[in-house]
Amino acid sequence: MASGYIFAVMDNLPKAELVLDHFHLVKWFNEKLTRLRRQMFNEADLIGKKILKGSRWLLLKCPENLKIHSQQNKDERYRLQQALELNQPLATAYYMKERLRLLFECASENNARTELYNWIKEAESSGIRILKEAARQLRIWRRLILNWYKYPISTGKVEAANRKIGTLQRNAYGYRDEEYLMLRIYHLHKSNYSLTG
């Protein structure tokens, strides 16, 4: 998504089709949503701060993954609803995030194009600075996003493998033997992670 990467690919591979995948797009917008929540938290009164405290992960979770609990203070859906009722701009940004996430579930490229166009128009007219910035950027990335319908690929698995390699190197404080490091990387897919204690 970085402009340097996009320009490098366009310069060196002029016939390549760039695809902006679901994983990176949602991650990018989640960072904007987190920034908005932090801003709302700083402006809120004492009661508002109490409600917004701990809501970051609730805002970033998919609604279908929110846990329902018999106690209201542990029910994630209830806590998220409280945070959204507290602040209209935050609620608007949250629902826009969900629409953006579901963009990749449209039945066809034409439906996605229409939905993306409507998303951009609504974000521009929302009056929320973060949404306006996002709309401006999505207008630039529109073709790259819609390319996903021609080439439905994702780099999510590559990102996960890169994260595992980074963790492997951090846990070992680096490897002096490159060949051993390569063997460990090739063996990563067989690794099991478990909590101990």
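See the structure printed just above.
It should be emphasised that the depicted structure is a prediction, and the values quoted were computed from it without experimental measurement. All residue numbers here refer to positions counted from 1 along the written sequence of the relevant chain. For this predicted model, a pLDDT threshold of at least 70 governs which residues receive local features, and a threshold of 80 or more governs which side-chain atom pairs are given and counted, while totals over whole chains, interfaces and linings are taken from all residues. Remark: hydrogens and water are excluded; side-chain values derive from all non-hydrogen atoms of the structure.

## Details of the overall build of the protein chain
Our working rule: By the criteria applied, helices consist of DSSP H or I runs no shorter than four residues and strands consist of E runs no shorter than two, each listed in order from the N terminus. Each residue's exposure class comes from its accessible area (1.4 Å probe, protein chains only) as a fraction of the maximum for that residue type: buried when under 20%, exposed when over 50%, partly exposed otherwise. Working rule for contacts: check all heavy atoms of both residues, and any pair within 4.5 Å makes them a contact. For the purpose of counting charges, residues Lys and Arg are taken to be positive, whereas Asp and Glu are taken to be negative. His and the chain ends are not included. The atom standing in for a charge is NZ when the residue is Lys, CZ when it is Arg, CG when it is Asp and CD when it is Glu.
Secondary structure assignment for the protein chain yields 10 helices and zero strands. Ordering the α and β elements of the protein chain from the N terminus gives α-α-α-α-α-α-α-α-α-α. Dimensions of the protein chain, computed from C-alpha atoms along their principal axes, come out at roughly 55 × 55 × 30 Å. Residues counted as buried form 32% of the 197 residues belonging to the protein chain. Across the protein chain, every contact between residues at least 6 apart in sequence was considered, and the portion connecting residues at least 24 apart equals 61%. Seen as two clouds, the 34 positive and the 21 negative side-chain charges of the protein chain have centres 3 Å apart.

## What to know about the nonpolar core
Basically, it comes down to this: By nonpolar core is meant a set of buried Ala, Val, Leu, Ile, Met, Phe, Trp, Tyr and Cys residues that side-chain atoms within 4.5 Å join together.
If you look at the biggest cluster of nonpolar residues, it comprises 44 residues, and the most contacted ones within it are Leu25, Leu103, Trp119, Leu131, Leu138, Trp141 and Ile145. When contributions to this core are tallied by element, the ones reaching two or more residues are helix H1 (3-12), helix H2 (22-43), helix H4 (56-60), helix H5 (76-86), helix H6 (88-102), helix H7 (109-124) and helix H8 (129-146). Counting residues per element, this core draws most heavily on H8, which supplies nine residues. Beyond its immediate sequence surroundings of up to four residues, Trp119 is in contact with Phe29, Met96, Arg99, Leu100, Leu131, Ala134, Ala135 and Leu138.

## Some details on the environment of Pro63
By the element assignment, Pro63 lies in the loop between H4 and H5. The class of Pro63 is partly exposed, set by a relative accessible area of 26%. With 35 residues separating them in the primary sequence, Pro63 and Glu98 have C-alpha atoms 8.5 Å apart. Look past the residues within four positions of Pro63 in its chain and what remains in contact with it is Arg77, Tyr94, Glu98 and Arg101.

## Brief notes about the packing of aromatic side chains
Selection rule: Classification of ring pairs rests on two measures: the distance between centres of Phe, Tyr or Trp rings, Trp counted by its six-membered ring, which must be within 6.5 Å, and the angle between planes, read as stacked under 30 degrees, edge-to-face over 60 and tilted in between. Counting as a charge over the ring demands two things of the Lys NZ or Arg CZ atom: a distance within 6 Å of the ring centre and an angle within 35 degrees of the ring normal.
Taken as a whole and judged by the stated rule, the model has six aromatic pairs. Plain terms: the ring middles of Phe104 and Trp148 are 5.2 Å apart, the flat faces sit at 90 degrees to each other, and that makes the pair edge-to-face. In this pair, Phe104 is assigned in the loop between H6 and H7 and Trp148 in the loop between H8 and helix H9 (156-171), connecting sequence segments 44 residues apart. Residue class for Phe104 comes out buried when judged on its relative accessible area of 8%. Relative to Tyr149, the ring of Trp148 lies with its centre 5.2 Å away and its plane at 90 degrees, an arrangement referred to as edge-to-face. In this structure an aromatic cluster arises from ring pairing among Trp28, Phe29, Trp119 and Trp141. The ring of Trp57 carries the charged tip of Arg56 above its face, separated from the ring centre by 4.4 Å.

## Quick word on a nonpolar patch on the surface
Filter applied, for reference: Like charges are joined within 9 Å and nonpolar side chains (Val, Leu, Ile, Met, Phe, Trp, Tyr) within 5 Å, but only among residues with over 30% relative accessible area and no salt bridge; these make up the patches. Computed with a 1.4 Å probe, the accessible areas rest on the Shrake-Rupley method; for each residue, only the protein chains presented here act as cover. Basic side-chain nitrogens of Lys or Arg form a salt bridge, by our definition, when they fall within 4 Å of a carboxyl oxygen of Asp or Glu.
On the surface, Tyr180, Met182, Leu183 and Tyr186 cluster together into a nonpolar patch covering about 440 Å² of accessible area. With respect to the helices, strands and loops of the structure, Met182 is situated in helix H10 (residues 178-186).

## Remarks on the side chain of Asn147
The residue Asn147 is located in the loop between H8 and H9 in this model. Contacts of Asn147, omitting those with residues within four sequence positions, involve Glu17, Leu18 and Val19.

## What about the environment of Asn110?
Heads up, the condition is: Identification of polar contacts relies on pairs of N or O atoms within 3.5 Å, with a donor-acceptor requirement for protein atoms, meaning one able to donate a hydrogen and the other able to accept it, and with residues adjacent in sequence counted only if both atoms are side-chain atoms.
Tracing the chain through its elements places Asn110 in helix H7. According to the relative accessible area criterion, Asn110 is exposed, its value standing at 52%. Residues Asn110 and Leu181, spaced 71 residues apart in sequence, show a C-alpha to C-alpha distance of 46 Å. Separated by 2.9 Å, the side chains of Asn110 and Arg113 make a polar contact.

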